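# Descriptive structure summary
What follows is each chain in one-letter form.
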Amino acid sequence: MKFTFIKYIALAAFLFTSYTAFLPATLTTTTFNTKNTEPTIAKDSSLDFNPNFHIYLCFGQSNMEGSATIQKKDLLENSRFKVLQSLDCDNLKRKKGEWYTAVAPLTQCYTGLSPADYFGKTMVNNLADSISIGLVNVAVGGSDIRLFDKEIYANYDDTYKEDWFADKIKAYGGNPYNHLIQLAKQAQKRGVIKGILLHQGESNTGDEKWPSYVATIYNNMLADLSLNAAEVPLLAGEMVHEDQGGKCASMNPIVNTLPSVVPTAHIVSSKECEARKDSVHFNSAGVRELGKRYAQKMLQLKYK
């Protein structure tokens, strides 16, 4: 099901984040080994495989891509939190396929703050110093979930005809799923894939087949990367909650049925996570909280 307001909201989100605003922070909610508040773009030159380098794959649409404003406190770094750069970004001084110390944005070149950011930060703050976290994040604002189905993606790569959407698809070689899988295979040379994070559903609001679509994509990922479902849980986050007036909150009951279709799937609640005025995207505080909840769930599952 397509909704006109989703189309315009997705466009507004893209324009809003095309130039990231760095605003002063009043609180610091994470603890790191550095007092630096500006990104240093530290490239990781190590090429050795490390079983204690835990990789997480992230995909979805605009909230996972990063729609929220990046603030000064969001730029704090931890050398144990890495990102495999998904695109060549001259503005970030990063090259596709190279590892960097993770600093937002973690998807495309001009996106905003994603739950993936605070997932990684929370993970390293709660794990032994011997464990590092690496992210691979390929998300497409405005996308139908079936854009990540490797068999039918071509039917959903022009959901919106505007350049803002077409350019996202082109950046991923026309096939975001394949782009993600190729990066994931590269990541496997360095560490172990431990889980998959999904935030998508706004563009599929009301579609009761969504859990089966996700199951197909998840199973394809497991097969293409030779992964065992029991060892690689899938975490799916809710849309902006009804307590925040979420315009897509009616999708949450459908999202919550996912574990009945995918036994290794777990739902991350968005209740009380703050939203932007569009009532579709989380604001910076909401993104931070949602990212922490993804991490808390994963810590419960994988690091008891």
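None of these values were measured; they are calculated from a predicted model. (Residues numbered from 1 in each chain as written. Predicted model: local features only at pLDDT ≥ 70, side-chain atom pairs only at ≥ 80, totals over all residues. Heavy atoms only, no water.)

### Side note on the pairing of strand S2 (residues 81-84)
Residues in a regular strand point their side chains to alternate faces of the sheet. The side-chain alternation of S2 yields two buried faces, one formed by Phe 81 and Val 83 and the other by Lys 82 and Leu 84. Inspection of the sheet shows S2 paired to strand S4 (residues 132-139) by three bridges, in the parallel sense. Bridging from a neighbouring strand, Val 83 pairs with Leu 135 of S4. Across three bridges, the pairing between S2 and strand S3 (residues 99-101) is antiparallel. The residue bridging Leu 84 from the neighbouring strand is Trp 99, located in S3. (Buried < 20%, exposed > 50% of the residue type's maximum accessible area, 1.4 Å probe, protein only. Helix = DSSP H or I, 4+ residues; strand = E, 2+ residues; numbered from the N terminus. Pairing = 2+ DSSP bridges.)

### Focus: the pattern of salt bridges
In total, this model carries eight salt bridges according to the counting rule given. A salt bridge links Lys 168 to Glu 65, with the nearest nitrogen and oxygen atoms 2.8 Å apart. With Lys 168 in helix H4 (residues 163-171) and Glu 65 in helix H2 (residues 62-65), this residue pair connects regions lying 103 residues apart in the sequence. You can call Glu 65 buried: its relative accessible area is 5%. Between Arg 146 and Asp 144 there is a salt bridge, with the nearest N and O atoms lying 2.9 Å from each other. Take Arg 146: its relative accessible area is 13%, and that puts it in the buried class. Judged by its relative accessible area of 8%, Asp 144 is buried. Residues participating in the shared-partner salt-bridge network are Asp 144, Arg 146 and Asp 207. (Salt bridge = Lys/Arg side-chain N within 4 Å of Asp/Glu carboxyl O.)

### Quick word on unusual backbone geometry
The omega torsion across Ala 104 and Pro 105 is 5°, close enough to zero to call that bond cis. Positionally, Pro 105 belongs in the loop between S3 and helix H3 (115-125). You will see that Lys 93, though not glycine, has its phi angle at about 60°, which is positive. By secondary structure assignment, the location of Lys 93 is in the loop between S2 and S3. The backbone of Ser 226 sits at a positive phi, close to 55°, despite the residue not being glycine. For Ser 226, the position within the fold is in the loop between helix H6 (210-224) and strand S6 (234-237). The exposed category is assigned to Ser 226, whose relative accessible area is 69%.

### Describing the packing of aromatic side chains
What the rule picks out here adds up to six aromatic pairs. For the pair Phe 53 and Trp 99, a centre-to-centre distance of 5.0 Å together with 65° between the ring planes defines the contact as edge-to-face. With Phe 53 in strand S1 (residues 53-60) and Trp 99 in strand S3, this pair connects stretches of sequence that are 46 residues apart. Taken as a pair, Phe 53 and Trp 99 share a single burial class, namely buried. Taking the centre distance of 5.4 Å and the plane angle of 90° together, the rings of Tyr 160 and Phe 165 count as edge-to-face. Residues Tyr 160 and Phe 165 agree in their burial class; the two are buried. Here the aromatic residues Tyr 160, Trp 164 and Phe 165 are joined through ring pairs into a cluster of three or more. (Phe/Tyr/Trp six-rings, centres within 6.5 Å; stacked < 30°, edge-to-face > 60°.)

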